[in-house]
Amino acid sequence: MAKQPDSDSFLDMFSRFGRDLKVPNVEAILSHHRKNLEALEKSAKASAAGASSLLSRQREMLQDALREISDMAQSYRTPGNPQELMTKQAEFARKSFETALKNAGEVAELAKKSGTESVEILRDRIKEAMEEIRSGYEKK
């Protein structure tokens, strides 16, 4: 089976899947659930975008840390006294700890934002669906 392009929507994938399995009235079923599938698609895209930005930011953080380590290693020349070496090491440890805390907080915030955005899309669709059901019962 040929690889499908990555740009297929959930609706296209479900439609093709239904046709492949010879599900009767697959288009009518999809039409009925179109808004739900669109919400799932938006949610998945939001999750993917969030994961991508999170990984990108983590890569930047790692590059910054490696650059700092490299700079520190280059600045180390055998100092004349041991106290100077201890001071440099303590300063590096302090900066590393502060950076790690800041980065952990930023990563947690990015993950929270990504998850919240994805869940909000689904929550909004659930509210719409409940309203559609309510209005359908009120018409009867």
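The text that follows walks through the structure, step by step, so that each part is easy to find. (Residues numbered from 1 in each chain as written. Predicted model: local features only at pLDDT ≥ 70, side-chain atom pairs only at ≥ 80, totals over all residues. Heavy atoms only, no water.)

### Some thoughts on the overall build of the protein chain
Turning to step 1, where the next piece is worked out: In terms of regular secondary structure, the protein chain is built from four helices and zero strands.
Turning to step 2, where the next piece is worked out: Each helix and strand of the protein chain, ordered N terminal to C terminal, gives the series α-α-α-α.
Turning to step 3, where the next piece is worked out: Projecting the C-alpha coordinates of the protein chain onto the three principal axes gives extents of approximately 90 × 45 × 15 Å.
Turning to step 4, where the next piece is worked out: When burial is assessed residue by residue, the protein chain has 16% of its 140 residues classed as buried.
Turning to step 5, where the next piece is worked out: Expressed as a percentage of contacts within the protein chain between residues at least 6 apart in sequence, the contacts between residues at least 24 apart total 63%.
Turning to step 6, where the next piece is worked out: Each charge class in the protein chain was averaged separately, 24 positive and 23 negative side chains, and the resulting centres sit 2 Å apart. (Helix = DSSP H or I, 4+ residues; strand = E, 2+ residues; numbered from the N terminus. Buried < 20%, exposed > 50% of the residue type's maximum accessible area, 1.4 Å probe, protein only. Contact = heavy atoms within 4.5 Å. Lys, Arg positive; Asp, Glu negative; His and termini not counted. Charge placed at Lys NZ, Arg CZ, Asp CG, Glu CD.)

### A look at the environment of glutamate 132
Turning to step 1, where the next piece is worked out: Of note, glutamate 132 is situated in helix α4 (residues 82–139).
Turning to step 2, where the next piece is worked out: Since its relative accessible area comes to 34%, glutamate 132 is described here as partly exposed.
Turning to step 3, where the next piece is worked out: Each residue touching glutamate 132, except ones within four places of it in the same chain, is listed here: Lys35 and Arg125.

### A few points about the packing of helix α1 (residues 10–20) against helix α3 (residues 34–75)
Turning to step 1, where the next piece is worked out: Between α1 and α3, whose axes approach to 9 Å, the crossing angle comes to 125°. On the basis of their axis angle, the class for α1 and α3 is oblique. Of the residues in α3, those in contact with Phe10, Leu11 and Phe14 of α1 are Arg34, Leu37, Glu38, Leu40, Glu41 and Ala44.
Turning to step 2, where the next piece is worked out: Split by residue class, the contact of α1 with α3 holds six nonpolar, no polar and three charged. (Axes fitted to C-alpha atoms, helices over the stretch in contact; angles between N-to-C directions. Parallel < 35°, antiparallel > 145°, perpendicular 65-115°, else oblique. Nonpolar A, V, L, I, M, F, W, Y, C, P; charged D, E, K, R; others polar.)

### Side note on α3
Turning to step 1, where the next piece is worked out: Under the 1.5 Å per step criterion, the end-to-end length of α3 is 61 Å for 42 residues, consistent within 8% with the ideal 62 Å.
Turning to step 2, where the next piece is worked out: Every buried residue of α3 is accounted for by Leu37, Ala39, Glu41, Ser43, Ala46, Gly50, Leu54, Arg57 and Met61. (Expected span 1.5 Å × (residues − 1).)

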